[in-house]
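# Structural description and commentary
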Amino acid sequence: MFDVIVIGGGVIGGLVLRELTKYDLRAALLEKENDVCMGASKANSGIVHAGFDAAPDTLKAKFNVLGNKMMPQVCRELGVKYKNNGSLVVAFSEEDVKTINALKVRGEKNGVEGLEIVDKTRLREMEKNVSDEAVAALYAKTGGIVCPYELTIAAIGNAMDNGAELFTDFEVTGITKQSDIFTVSSAEGKSVEGRVVINCAGLASGRIASLVGDDYIKIKDRKGEYILLDRESGDFVNHTLFFTPTRLGKGILVTQTADNNILLGPTAEEGNSNTATSADGLSFVIEKARKMCKNLPLFNTITSFAGVRAYSDKHDFIIEESKNMKGLIHCAGIESPGLTASPAIAEYVAETLVGGMLPMKKNGGFNGNRKPDYFFKNLSMEEKNEVIKRDSSYGKIVCRCEQITEGEILRAIRENPPAKDIDGVKRRTRAGMGRCQGGFCQPYVAELIAKEQNKPLYEITKSGEGSYLLTGVTK
């Protein structure tokens, strides 16, 4: 039996799980997919927001500012790339100028430091490719960028290294409680027991809440489409460039990623959970990106993708104990700036909410540090030779675009949480994320997975059930 059961393997669930392992607790995470980080946490903008957007005195405002301050240290501990690149909310009209001035006032009330309004001359000094039509911008120097799936996987892996257990392919369909003990079950008849349950199920968090009668939690979906440019264009912008926000969100952005690609998007299509991209959606992204920037290097496009993010009709985070079942905690409606807020939410949930339900003795053996999943290309020649002497698999480059070695891929298959398919390796190591998008390395990655899992090659999938590369043996 577990002390705490976390439902949902996204960034919130992952960092909550890690936070729980700082205490002498038995903790488990239940994820409905075959791998962690399969929802919104693998397909979002990766922005560490400064905190000027959220209305004062909301949970969004509180946890955004706290999470922004915590993120650099969390990333250092977990070996995750983080860049404090700063953000610019660009104004194109006098009405926009009024809006960014209001955002500055709001941000200062939220506790954001270093906000300033820059005129068009300073803006062009900061961003050479910003549109000639831009007239001013709100500059937030505390804004940053992080890799969301890298953070999620590292947090869950670190939690597992510290004793937490992971159950994949576990879609929760029932939650019951008897004599202060929860039983969480799946349609396949699997079940686990625990004293406290935390609902971090993202898009499914409303459905999970309804299992215990908390029908007041209404979760909706909003689809966003993106375009990704090659790292060759990584210096096209230096900051994250936003349009002034609307009711649907922060709008299209143009930004570097933590891996020095350029990201354009997202759209905001409510009531759509289909993750396929569309011609109309991508055309809209291009139209808006061209309004934000001149000389847009679309010739360096390497892929496009879509993600679906959850939000509640409250338009604020829901972080509270169930109204119908004591001992069950909801973390629902965690829309933007949820990624930024995640370390602060995790700390609050563990220390304050779980801490009010269970004895919380510090885990003296907790080790919060984790080695990056891919690291070899950043070593000096001497360091590379030393690694190869210890393990010759690091001497073989598998992904030429990203310079990822066989040793790094094998590590991703073997470590916590283990990669089970090609996209799982891709998220952990970046093998297949370069210009050719896996055209050269994908077959060899599949062979490595098959060998490690002792399976025939035709059983290896790209991304879970049904996504087979091969249909069988021909000779």
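Heads up: the structure comes first, above all this text.
The following paragraphs examine the structure supplied in this document. Given the structure is predicted, the values throughout are model-derived calculations rather than measurements.

Before going further, it helps to examine the side chain of Glu127. Mapping Glu127 onto the fold places it in the loop between α4 (120-126) and β7 (136-140). Put simply, Glu127 is tucked away with no salt bridge, and the nearest opposite charge, on Lys128, sits 8.4 Å away. Setting aside its immediate chain neighbours within four residues, Glu127 contacts Leu88, Phe236, Val237, Asn238, His239 and Leu241.

This brings us to the nonpolar core. Leu20, Ile198 and Ile345 are the most contacted members of the largest nonpolar core, which totals 52 residues. Contributions of two or more residues to this core are made by β1 (2-7), α1 (11-20), β2 (27-30), α2 (59-78), α5 (148-161), β12 (191-199), β20 (328-332) and α8 (338-353). Ile345 has contacts with Ile12, Phe63, Phe317, Ile319, Cys331 and Ile334, leaving out every residue within four places of it along the chain. Ala137, Val254, Leu282 and Ala289 belong to the second largest nonpolar core, which has 27 residues in total.

Evaluated as defined, the whole model comprises six aromatic pairs. Look at Tyr226 and Phe305: their rings are 4.9 Å apart centre to centre, the planes differ by 15 degrees, and that puts the pair in the stacked class. One end of the pair, Tyr226, is in strand β13 (residues 219-229); the other, Phe305, is in strand β18 (residues 301-312), with 79 residues separating them in the sequence. Cluster of aromatic residues (ring-pair linked, three or more members): Phe375, Phe376 and Tyr394. Above the plane of the ring of Phe2 lies Arg26, whose end atom (NZ or CZ) is 4.4 Å from the centre. Cation over ring: Arg222 sits above Tyr311, and NZ or CZ is 4.1 Å from the ring centre.

Bringing the environment of Glu193 into the picture now. Looking at the secondary structure, you find Glu193 in strand β12. C-alpha separation for the pair Glu193 and Leu17, spaced 176 residues apart in sequence, amounts to 16 Å. Leaving out residues up to four positions away in the same chain, Glu193 has contacts with Met1, Phe2, Ile5, Ile181, Phe182 and Thr183.

It is possible for side chains of opposite charge to pair when their charged atoms get near one another. Evaluated as defined, the whole model comprises 30 salt bridges. Between Asp259 and Lys81 there is a salt bridge, with the nearest N and O atoms lying 2.9 Å from each other. In this pair, Asp259 is assigned in the loop between β15 (253-256) and β16 (262-265) and Lys81 in the loop between α2 and β4 (82-83), connecting sequence segments 178 residues apart. Among the residues examined, Asp259 registers a relative accessible area of 12% and is labelled buried. You can call Lys81 partly exposed: its relative accessible area is 25%. Residues Arg411 and Glu415 are paired through a salt bridge, measuring 3.4 Å at the closest nitrogen-oxygen approach.

What follows concerns the sheet that holds strand β8 (residues 144-146). Across the sheet, which stays open at both edges, the three strands sit in the order β3-β8-β4 with antiparallel pairing between neighbours. Strands with a single pairing partner mark the edges of an open sheet, and in this sheet they are β3 (47-48) and β4. Across two bridges, β4 lies against β8 in antiparallel orientation. The residue bridging Lys83 from the neighbouring strand is Ile145, located in β8.

So, on to the pairing of β13. Put simply, side chains in a regular strand alternate between the two faces of the sheet. Among the 11 residues in β13, nine count as buried, and that is most of the element. Direction of pairing for β13 relative to β18: antiparallel, over a ladder of 11 bridges. Directly across from Glu225, in β18, lies its bridge partner Ala306. Across two bridges, the pairing between β13 and strand β17 (residues 269-270) is antiparallel. The residue bridging Lys223 from the neighbouring strand is Glu269, located in β17. Looking at chain direction, β13 and β16 are connected through three bridges and run antiparallel.

In this section: a nonpolar patch on the surface. The grouping of Leu457, Tyr458, Leu469, Leu470 and Val473 at the surface amounts to a nonpolar patch, some 420 Å² of accessible area in total. By the secondary structure assignment, Leu469 is in the segment after α12 (442-453). The partly exposed category is assigned to Leu469, whose relative accessible area is 34%.

A few words on a negative patch on the surface. Taken together, the side chains of Glu33, Asp169, Glu188 and Glu465 define an acidic patch exposed on the protein surface. Structurally, Glu33 is set in the loop between β2 and β3. You can call Glu33 partly exposed: its relative accessible area is 32%.

In this structure, the amide linkage connecting Ser336 to the following residue, Pro337, adopts the cis form with an omega of 15 degrees. Turning to its location among the elements, Pro337 is positioned in the loop between β20 and α8. Looking along the chain, the bond that leaves Asn416 and enters Pro417 is cis, with omega of -20 degrees. Looking at where Pro417 falls in the secondary structure, it is placed in the loop between α10 (406-414) and α11 (422-429). One non-glycine residue, Cys37, lies in positive phi territory at about 60 degrees. As for its position among the elements, Cys37 is in the loop between β2 and β3. In this structure, Asp180 is a non-glycine residue whose phi angle is positive, near 65 degrees. Of note, Asp180 is situated in the loop between β10 (172-178) and β11 (181-186). Exposure remark for Asp180: the relative accessible area of 56% places this residue in the exposed category.

Criteria and cut-off values
- Residues numbered from 1 in each chain as written.
- Predicted model: local features only at pLDDT ≥ 70, side-chain atom pairs only at ≥ 80, totals over all residues.
- Heavy atoms only, no water.
- Helix = DSSP H or I, 4+ residues; strand = E, 2+ residues; numbered from the N terminus.
- Buried < 20%, exposed > 50% of the residue type's maximum accessible area, 1.4 Å probe, protein only.
- Lys, Arg positive; Asp, Glu negative; His and termini not counted.
- Salt bridge = Lys/Arg side-chain N within 4 Å of Asp/Glu carboxyl O.
- Contact = heavy atoms within 4.5 Å.
- Core = buried A, V, L, I, M, F, W, Y, C linked by side-chain atoms within 4.5 Å.
- Phe/Tyr/Trp six-rings, centres within 6.5 Å; stacked < 30°, edge-to-face > 60°.
- Lys NZ or Arg CZ within 6 Å of the ring centre and 35° of its normal.
- Pairing = 2+ DSSP bridges.
- Patch = residues over 30% accessible without salt bridge, like charges linked within 9 Å, V, L, I, M, F, W, Y side chains within 5 Å.
- Areas by Shrake-Rupley, 256 points an atom, 1.4 Å probe, with all protein chains shown as cover.
- Charge placed at Lys NZ, Arg CZ, Asp CG, Glu CD.

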